[in-house]
Amino acid sequence: MQLKYNDFSILIADDFSSFRSTVNSMLVSLGVQNVTAVSNGEAVIQSCEENAYDIILCDYDLGPGRNGQHVLEELRFRNLITWKTVFIIVSAESSRNIVMAAYDCEPDDYLMKPITAQMLRRRMDRQLDQRSNFKSIHEDIESGQLLSASDKLTTLIIDEGKYSSNAQKQLGELFLKQGELNKAEKLYK
């Protein structure tokens, strides 16, 4: 089943207007009606201060100032995005150092340019599907029901489905946040 994107709010951040325009056209062809396009890191931060986005497509190299990694880190630090926002770094950068640095800040996905509408849709569909499947877990965490969240994550790990490794990572992070280092170490081993 394909997602309907007409209710989604998407932010595009790239220092090249031609790329912003191309991605905007792709998103419109997918039915997206609410697209904001900005050209630099400062504008991303400002847009996120003023609006909530379902998806942020951010270039790694935004020209002078912050890069996509810095933007993501600041958005998280300032709580301008939550687990509900899918953050995808889109970049022409293919050097190992750049890609590994981008992955270190843990974007939801990393997409190499050039991109097509079909490629973009597949990645967004995958990330939004995962968000939907983890929704009750994140809600449990937000409301302090950590035992319930742990149980749900454990079930996903045991099922060994497509979300198993992500569930394991999130459960380990939950253990670390709770100071349960022995449980985290056992899980990671």
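Our structure is the block above this text.
Residues numbered from 1 in each chain as written. Predicted model: local features only at pLDDT ≥ 70, side-chain atom pairs only at ≥ 80, totals over all residues. Heavy atoms only, no water.

**Student:** How should the packing of helix H2 (residues 41-50) against helix H3 (residues 68-77) be read in this particular structure?
**Tutor:** If you want to describe how two helices pack, look at the angle between their axes and the distance between the axes. It is at 10 Å that the axes of H2 and H3 come closest, and there the two elements cross at 25°. Classified by the interaxial angle, the pair formed by H2 and H3 is roughly parallel. Like other packed secondary-structure pairs, H2 and H3 cross with a definite hand, here right-handed. In this structure, H2 uses Gly41, Val44, Ile45 and Cys48 to contact H3, whose residues at the interface are Val71, Glu74 and Leu75. Taken together, the residues that form the contact of H2 with H3 break down as five nonpolar, one polar and one charged. (Axes fitted to C-alpha atoms, helices over the stretch in contact; angles between N-to-C directions. Helix = DSSP H or I, 4+ residues; strand = E, 2+ residues; numbered from the N terminus. Parallel < 35°, antiparallel > 145°, perpendicular 65-115°, else oblique. Left-handed = near helix turned anticlockwise from the far one by under 90°. Contact = heavy atoms within 4.5 Å. Nonpolar A, V, L, I, M, F, W, Y, C, P; charged D, E, K, R; others polar.)

**Student:** Where do I start with the state of the cysteines in this structure?
**Tutor:** Covalent bonding between the sulfur atoms of two cysteines is what defines a disulfide. In total, this model carries zero disulfides according to the counting rule given. Cysteine cysteine 48 remains unbridged, with the sulfur of cysteine 58 as its closest cysteine sulfur at 9.0 Å. (Disulfide = S-S within 2.5 Å.)

**Student:** Explain the layout of surface pockets to me, please; I cannot follow it from the model alone.
**Tutor:** One water molecule sets the probe size; rolling that probe over the atoms shows where empty space is left. Size it by volume and the largest pocket reaches roughly 1,100 Å³. Lining of the largest pocket is provided by 31 residues; of these, Asp108, His138, Lys169, Gln170 and Glu173 occupy positions nearest its centre. For the lining of the largest pocket, the secondary-structure elements that each account for two or more residues are H3, helix H5 (117-142) and helix H7 (164-177). For the lining of the largest pocket, the leading source of residues is H5, giving nine residues. Its residues assigned to classes, the lining of the largest pocket shows ten nonpolar, nine polar and twelve charged. Roughly 290 Å³ of volume is contained in the second largest pocket. Lining the second largest pocket are twelve residues, and of these Phe8, Leu128, Asp129, Arg131 and Ser132 lie nearest its centre. (1 Å grid on protein atoms, 1.4 Å probe; cavity = no way out; pocket = protein on both sides within 12 Å on 5 of 7 lines; lining within 4 Å. Points joined across faces, edges and corners; volume = space filled by probe spheres on them.)

**Student:** Even after reading the chapter, I still don't get a nonpolar patch on the surface, so can you show me in this structure?
**Tutor:** Together, Leu176, Leu181 and Tyr188 make up an exposed nonpolar region whose accessible area comes to about 310 Å². Here leucine 176 shows up in helix H7. Taking the relative accessible area as the measure of exposure, leucine 176 reaches 43% and is therefore partly exposed. (Patch = residues over 30% accessible without salt bridge, like charges linked within 9 Å, V, L, I, M, F, W, Y side chains within 5 Å. Areas by Shrake-Rupley, 256 points an atom, 1.4 Å probe, with all protein chains shown as cover. Salt bridge = Lys/Arg side-chain N within 4 Å of Asp/Glu carboxyl O. Buried < 20%, exposed > 50% of the residue type's maximum accessible area, 1.4 Å probe, protein only.)

**Student:** Mind showing me how you'd approach the packing of aromatic side chains here?
**Tutor:** Each pair of aromatic rings is reported with the distance of its centres and the angle of its planes. Within the structure shown, the criterion is met by two aromatic pairs. Where tyrosine 5 meets phenylalanine 8, the ring centres are 5.1 Å apart and the plane angle is 45°; that geometry is what we call tilted. Phenylalanine 8 matches tyrosine 5 in its accessibility class, with the two residues each being buried. Centroid distance phenylalanine 134 to tyrosine 163: 5.7 Å. Interplanar angle 90°. Geometry classified as edge-to-face. Placement of the pair is phenylalanine 134 in helix H5 and tyrosine 163 in the loop between helix H6 (146-159) and H7, with a sequence separation of 29 residues. Of the two residues examined, phenylalanine 134 and tyrosine 163, each falls in the buried class. The ring of phenylalanine 19 carries lysine 113 above its face, with NZ or CZ at 4.1 Å from the centroid. (Phe/Tyr/Trp six-rings, centres within 6.5 Å; stacked < 30°, edge-to-face > 60°. Lys NZ or Arg CZ within 6 Å of the ring centre and 35° of its normal.)

**Student:** When you look at the environment of lysine 152 in this model, what are you seeing that I'm missing?
**Tutor:** With respect to the secondary-structure elements, lysine 152 resides in helix H6. Judged by relative accessible area, lysine 152 falls into the partly exposed class, the value being 29%. Separated by 19 residues in sequence, lysine 152 and leucine 171 place their C-alpha atoms 9.4 Å apart. Ignoring sequence-local partners within four residues, the contact set of lysine 152 consists of Ser136, Ile137 and Asp140. In terms of polar contacts, lysine 152 uses its side chain to reach the side chain of serine 136, at 3.4 Å. (Polar contact = N/O pair within 3.5 Å; in protein donor to acceptor, adjacent residues only side chain to side chain.)

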